[in-house]
Amino acid sequence: MKADIHPEYHKITVEMTDGTTYETRSTWGKEGDLLKLEIDPKSHPAWTGVHRLVDSGGRVAKFNKRFESFGLKK
């Protein structure tokens with residue numbers, strides 16, 4: 001292995017969408033940082049089977065406004 005080319009591997013805390021936390025090792029952030037997840041296995045439709053619309057940057061509202069004259073229902 002080459003020296004000084006690998007990222008630092010350290011402990012971080014991960015916070016799930018329901019507020020639970022766990023500690024893991026990662027190359028993300030710095031030692032002791034908190035990573036807050038927006039989507040995790042407890043809330044993602046692929047694991048829950050419940051589909052919900054995630055509006056990223058107002059795209060859904062923009063779409064609805066643009067096509068409201070076509071009689072689309074919300």
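Above this text is the structure in question.
Counting of residues starts from 1 at the beginning of each chain's written sequence and follows it residue by residue. Note on the predicted model: pLDDT of at least 70 is required for a residue's local features to be given, and 80 or more for side-chain atom pairs to be given and counted; whole-chain, interface and lining totals, by contrast, use all residues. For the side-chain quantities, the full set of heavy atoms in the structure was used; hydrogens and water were omitted.

**Overview of the pattern of salt bridges**
Okay, so step 1: Just to be clear on terms, a salt bridge is a Lys or Arg side-chain nitrogen sitting within 4 Å of an Asp or Glu carboxyl oxygen. Within the structure shown, the criterion is met by one salt bridge.
Okay, so step 2: Of the charged contacts in the structure, one is a salt bridge between Lys-11 and Glu-23, with a shortest N-O distance of 3.8 Å. Of this pair, Lys-11 sits in strand β1 (residues 10–15) while Glu-23 sits in strand β2 (residues 21–26), and the two are 12 residues apart along the sequence.
Okay, so step 3: We call a residue buried when its accessible area falls under 20% of the maximum for its residue type, exposed when it is over 50%, and partly exposed in between, using a 1.4 Å probe and counting protein chains only. Overall, Lys-11 belongs to the partly exposed group, its relative accessible area being 41%. Here a helix means four or more residues in a row that DSSP labels H or I, a strand means two or more in a row labelled E, and each is numbered from the N terminus.

**Side note on the packing of aromatic side chains**
Geometry of an aromatic ring pair is reported as the spacing of the ring centres plus the angle between the planes.
Okay, so step 1: Each pair of aromatic rings taken from Phe, Tyr and Trp, with Trp reduced to its six-membered ring, is defined by centres within 6.5 Å and is described as stacked if the planes are under 30 degrees apart, edge-to-face if over 60, and tilted in the remaining cases. Scanning the entire structure with this criterion turns up one aromatic pair.
Okay, so step 2: With a centroid separation of 4.8 Å and 45° between ring planes, the pair formed by Phe-63 and Phe-67 is classed as tilted.
Okay, so step 3: A relative accessible area of 44% means that Phe-63 is categorised as partly exposed.

These figures capture arrangement, not role.
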